[in-house]
Amino acid sequence: MTKFDAVVNVLLKPGISDPQGQTIERALPALGYEGVQGVRVGKHIELSVEASSEEEAYARIQEMCERLLANPVIESYEVTVS
Amino acid sequence: MNPRVGVVVFPGSNCDLDAQKAFRDLGADVVSVWHDEETLPEVDVVVLPGGFAHGDYLRTGAIARFSPIMDAVRSFADAGGLLIGICNGFQILCEAGLLPGALRKNAGLKFLCKWVDLRVENASTPFTNAASPGDVLRIPINHFEGNWYAEPDVLDELKANDQIVLRYVDNPNGSLDDVAGICNPERNVFGLMPHPERACEALLGSTDGAVILRSILASSPSLVSAP
Amino acid sequence: MIHRDLGLTDEEYKAIQDRLGRDPSYTELAMYSVMWSEHCSYKSSRVHLRNLPTEGPHILVGPGEGAGIIEVAPGKAVAFKIESHNHPSFVEPVNGAATGVGGIVRDILSMGARPIALLDSLRFGPLDEARTRYLVDGVVHGISSYGNSIGVPTVGGEVVFEDCYAENPLVNVACLGVIDTKLMNGKATGPGNAVILIGSSTGRDGIGGASVLASAEFDDESHEKRPSVQVGDPFTEKLLIEACLELIREDLLVGFQDLGAGGISCPISEMTAKAGTGMTVRLDAVHLREPQMEPFEIMISESQERMMAVVEPGNVQRVLDICKKWGLHAGVVGRVDDGDAVKVVDGAGETIADVPAVSLADEGPVYERPYERPGWIDEIQAADPGDKEPPDLAQAFLDVLASPNVADKSWVWEQYDHMIFLGTVQGPGGDAAVIRLPDSDVAVAITADGHGRYCYLDPYEGARSAVVEAALNVACTGARPLAVTNCLNFGNPEKPDVMWQFAQAVEGIGDACKALGTPVTGGNVSFYNETSGRPIFPTPVIGMIGVLDRPDAAVGSALSGDGDVLLLLGDTDPADLGGSEFASRVHGVIAGRPPKVDLADARDMIDLLVEVAGSLSSAHDCSHGGVAISLAESAIAGGRGFDCDLPADHRFLFSESPARVVVSCAPDNARQVAEAAEKRGVTVQQIGTVGGTELRFGGFTVSLENAKHVAAHSLADALAGPTIAS
């Protein structure tokens, strides 16, 4: 078994309103930062898992995302294993 | 025989005592059920109360749905038992897939504790049959994540099946189609963001919540089957 | 000079050497530095606080314990206390305010009480500054996220905006609890008993929170020891509340105390000093969050959500099992000893600290700091108080109504769960909150009030006014005021003028509390509230609790019956505009003399309100903005107007003469109320009737709709602007 470090980024699905992102986008020009678009706020989760291969680690984290780390009704996720 | 109500307590639940008191004041026998149990006691109604189960960490209801008691709760509902999720309980029911959709952060990005008016859209559920369609109930909300969302086809199906039970008269949180409470197609699982247990005494501002609690108790098998 | 870096003076260091007969160890010095800090030892304030009245027939426990205990009905006791979290809230508003809530809740819990209500007294700088809006947003969010999650309703408080708080906001939090099954004490009795630490792990949070520990001498190790902001974990706090109440219900605890400022050093020394025992603590048994923590760090870490319990050996397993059931970490970290020494032992069995418990807990320095009436007081009192006639009376009224100090604060309190426990008979927005105690028909009224402006102009008078206003707020609901908890927010006590303000204010509180029969059951002193040498206005905040015969007898502030008669109770002095909301808002002036309160009059007014409560439809005191604003607030709350015939004189309308109340009652009751008032020598004036959709003052008229709009939107609109963290 090897230990793999991984990062999971969870974002609201495209099309789901993201009021936090919108609020930040509205606030930035007031501070002089013009031309900022597409702000989206999500969750960044770091974890390390034991697995026999990178593929297995990836698959296990994928399953964790489906079951717990993300809510598939409103969220999408992205797994990076290193 | 008095209707028997089981109130599930998750670590971080905090409206369990209020729910117990409100049901007890209306004549129910109430028992508290710790989330770590694997079986439910003999009850007619199961309540998932409000609060911050597991601190609402990660997502509201996300961790609570995996509590040991939830398998028993699911079986209870599958067998036709009356199951109500209030606020955090509604969030848990959605996370568990017992009700459709998900609860997002309020559109105003603020926690909201205030009185709201709710319109009864479906008065033929066991949770609302003491009301009439179109009745307006004054009941408080108390949440940060009460902004209900579902895919368009899911919403269409809910509408077609009359599963939208309560709507906000003046939408406080951005909830899709003003949804405040929904039920499953079988009408025995009900989730709502407002807190009916907080509106059962004139001294506290309203007795409209008792309409919902009384509907539930009147529909409970112990009472219905009594001679 | 390590001791100086720890915030100890040379004299204090010498006192430690003399007491021990040797040089203290590194860890011992760190322990003394927190226990002898201003925050923990009250070394500058103690000589003055001694003069406060602390005893009364209802007071079961006075100052010195986790919280004061007041008997509100036969066999029914409550814990009530207020505390500040000013500096942490300025550094990191969300967590600073959140951990402020957590700290006071654990104080209440330490008495064996279930926390059932919170009040927040908040003060910020001007709202047109983006940094202020950031602080308001963060502090309110911090209180909301923590208080709501632990399931304790936030039922009232105050929010004040004033320039002097821009660089030093005040976050004072009061908590009410009800004794669950047994009143606990913080005593480590019974040598041989186990000492159990319950709750969160111990990290480097807030090291030096009570002193100043980030210094070169301590940075010779490679790893970073920078003090870090304490982060609140409301989930753990909620579990702590439930688990500890279960432990107390099962009678498993001998002694019990929270960990706050001073970390673990505080309960181990205070609990043993009170019991006349000693204690040995094993450092390797403390559950740590970070590796390689130094002994002194463990001893003074201010990690949140921790409690210490003293338990008989036979009950230890049961205590650990209950904590485990709640998902809480708990472990035996020491034992109670014969003798009087607090000993700290490391994993290798080596003694790292060994000092007399009382030397830490009770023998800290006591200072009689020099104080002197500053010359500028005379100048400011002689200056123009801002009482000139405004160009347009109606506009002046709307300006005062729109002041963020007066306007509708629902933007703030709608973010707080103010209803949980099904006891909130009257929530935020009125005079005092009225709370029905769980499973009972006993109701209490609680409020928190301060008046920085008055105290700046005259700390003695200002402090008396704060006590009277708090008592009146309680009495307006029909409750009889019983007891006080106070939070004294001041500048640097080493400055004679600040110390003079403090001495004057404490004298004022003492005189007012004696006159009103409301002893002080404890509280908190917060000094050094200044930035760049500029102190805040001296701001004593008074938490007041009163008791009602029945919860359904509570009187509200909202006008409730068309045709009701409006009565103004108390004397109006048209000269009482010094430090008023009118002077500040309309003329931009804070000067002159503040209103002088007659304590006998105040007492008569309180007795009257309690006596006639059953005959009243509403009662609301006249404070910020005077009778005009009091009337408007009652009208807006009730959704109905009034028709009054008041003098078209700003001096009458906006005068803030103390001990005045506007009441409304059914016409049939008016005579009885008037007679009761006259019997007590309280001036009563019939000023108008309730009804309609306008606020008809006599000299001018404003529509209810317009007044409501102005009051409802000013704070929310002002807070809608952008925020900046720094």
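Each residue is numbered by its place in its chain's sequence as written, counting from 1. Chains carry letters and ligands carry numbers; both start at the beginning, A for chains and 1 for ligands, and go up in the order they are written. Totals for whole chains, interfaces and linings use every residue, but because this is a predicted model, local features are given only for residues with pLDDT of at least 70 and side-chain atom pairs only at 80 or more, for both listing and counting. Hydrogens and water molecules were not included; the side-chain quantities draw on all heavy atoms of the structure.

**With respect to the interface of chain C and chain B**
Turning to step 1, where the next piece is worked out: Contacts are residue-level and defined by heavy atoms, with any inter-residue pair within 4.5 Å sufficient. Taken together, the 31 residues of chain C in the interface contact 27 residues of chain B.
Turning to step 2, where the next piece is worked out: Summed over both partners, the accessible area (1.4 Å probe) lost when two parts come together is defined as the buried area. Of the roughly 2400 Å² buried between chain C and chain B on both sides combined, carbon and sulfur atoms contribute 65%.
Turning to step 3, where the next piece is worked out: The three residues of chain C that bury the most area against chain B are C:Phe235, C:Met419 and C:Leu422, which together make up 29% of that side's buried surface.
Turning to step 4, where the next piece is worked out: Note that C:Arg436 is salt-bridged to B:Glu201, the shortest N-O span being 2.7 Å.
Turning to step 5, where the next piece is worked out: By the criterion applied in these results, polar contacts are pairs of N or O atoms within 3.5 Å in which, for protein atoms, one can donate a hydrogen and the other can accept it, and in which residues neighboring in sequence qualify only through two side-chain atoms. Where chain C meets chain B, there are nine residue pairs in polar contact (both at pLDDT 80 or more).
Turning to step 6, where the next piece is worked out: Ranked by the residues each element gives to the side of chain C that touches chain B, the list is headed by helix α8 (residues 130–150) of chain C, at six residues.
Turning to step 7, where the next piece is worked out: Considering only residue class, the side of chain C that touches chain B consists of 13 nonpolar, nine polar and nine charged. The rule for a salt bridge is simple: a side-chain nitrogen of Lys or Arg has to be within 4 Å of a carboxyl oxygen of Asp or Glu. Strands here mean DSSP runs of E at least two residues long; helices mean DSSP runs of H or I at least four residues long; both are numbered from the N terminus. Under this grouping Gly is polar, as are all residues other than the nonpolar Ala, Val, Leu, Ile, Met, Phe, Trp, Tyr, Cys and Pro and the charged Asp, Glu, Lys and Arg.

**Considerations on the pairing of strand β6 (residues 170–179) of chain C**
All names here are of chain C.
Turning to step 1, where the next piece is worked out: With 10 of its 10 residues buried, β6 lies for the most part within the structure.
Turning to step 2, where the next piece is worked out: Remark: exposure states derive from per-residue accessible area (1.4 Å probe, protein chains only) relative to the maximum for the residue type, with buried under 20%, exposed over 50%, and partly exposed in between. Neither face of β6 is exposed, since Leu170, Asn172, Ala174, Leu176 and Val178 on one face and Val171, Val173, Cys175, Gly177 and Ile179 on the opposite face are all buried.
Turning to step 3, where the next piece is worked out: The criterion for strand pairing is that DSSP finds at least two bridges linking the strands in question. In this sheet, β6 lies alongside strand β3 (residues 76–84) in antiparallel orientation, the contact comprising seven bridges. If you follow alanine 79 over to β6, its bridge partner there is glycine 177.
Turning to step 4, where the next piece is worked out: With 10 bridges connecting them, strand β4 (residues 113–124) and β6 associate as antiparallel partners.

**Some points on the sheet that holds strand β7 (residues 194–199) of chain C**
Residues and elements named next belong to chain C.
Turning to step 1, where the next piece is worked out: Taken in spatial order, the seven strands make up an open sheet running β8-β10-β7-β11-β9-β12-β13, and their pairing is mixed. At either margin of the open sheet sits one strand with a lone partner, and together these are β8 (255–258) and β13 (351–356). Recorded for the sheet is a direction-independent mean angle of 20° between the axes of neighbouring strands.
Turning to step 2, where the next piece is worked out: In the packing of helix α7 (residues 93–110) onto the sheet, contacts are made with β8 and β10 (306–311), and the angle to β8 comes to roughly 170°. Under this scheme, a helix contributes an axis fitted over its contacting stretch, all axes are lines through C-alpha atoms, and angles between N-to-C directions fall in the 0 to 180 degree range.

**Regarding helix α15 (residues 393–402) of chain C**
Residues and elements named next belong to chain C.
Turning to step 1, where the next piece is worked out: Most of α15 sits inside the fold, with eight of its 10 residues counted as buried.
Turning to step 2, where the next piece is worked out: Taken as a whole, α15 has its buried residues at Leu393, Ala394, Ala396, Phe397, Leu398, Val400, Leu401 and Ala402.
Turning to step 3, where the next piece is worked out: The N-cap of α15, judged by a side-chain oxygen 2.9 Å from the amide nitrogen of alanine 394 a few residues on, is aspartate 392.

**Quick look at the interface of chain A and chain B**
Turning to step 1, where the next piece is worked out: In this assembly, 16 residues from chain A lie in contact with 16 residues from chain B.
Turning to step 2, where the next piece is worked out: Of the roughly 1300 Å² buried between chain A and chain B on both sides combined, carbon and sulfur atoms contribute 65%.
Turning to step 3, where the next piece is worked out: Contact with chain B buries area across many residues of chain A, yet A:Arg67, A:Leu68 and A:Val73 alone supply 34% of it, more than any other trio.
Turning to step 4, where the next piece is worked out: Taken together, the connections running from chain A to chain B amount to two salt bridges.
Turning to step 5, where the next piece is worked out: Counting the contacts that link chain A with chain B gives six residue pairs in polar contact (both at pLDDT 80 or more).

**Details of the pattern of salt bridges**
Turning to step 1, where the next piece is worked out: In this structure the tally under the stated criterion is 50 salt bridges over all chains.
Turning to step 2, where the next piece is worked out: A salt bridge links B:Arg59 to A:Glu75, with the nearest nitrogen and oxygen atoms 3.6 Å apart. Taken as a pair, B:Arg59 in the loop between β3 (45–48) and α2 (69–78) and A:Glu75 in strand β3 (residues 75–81) lie in two separate chains rather than in one. Here B:Arg59 and A:Glu75 have matching classes, each one buried.
Turning to step 3, where the next piece is worked out: In this structure, C:Glu242 engages C:Arg114 in a salt bridge whose closest nitrogen and oxygen atoms are separated by 2.9 Å. Within this pair, whereas C:Glu242 is found in helix α9 (residues 234–249), its partner C:Arg114 is found in strand β4, the two being separated by 128 residues in sequence. Residues C:Glu242 and C:Arg114 agree in their burial class; the two are buried.

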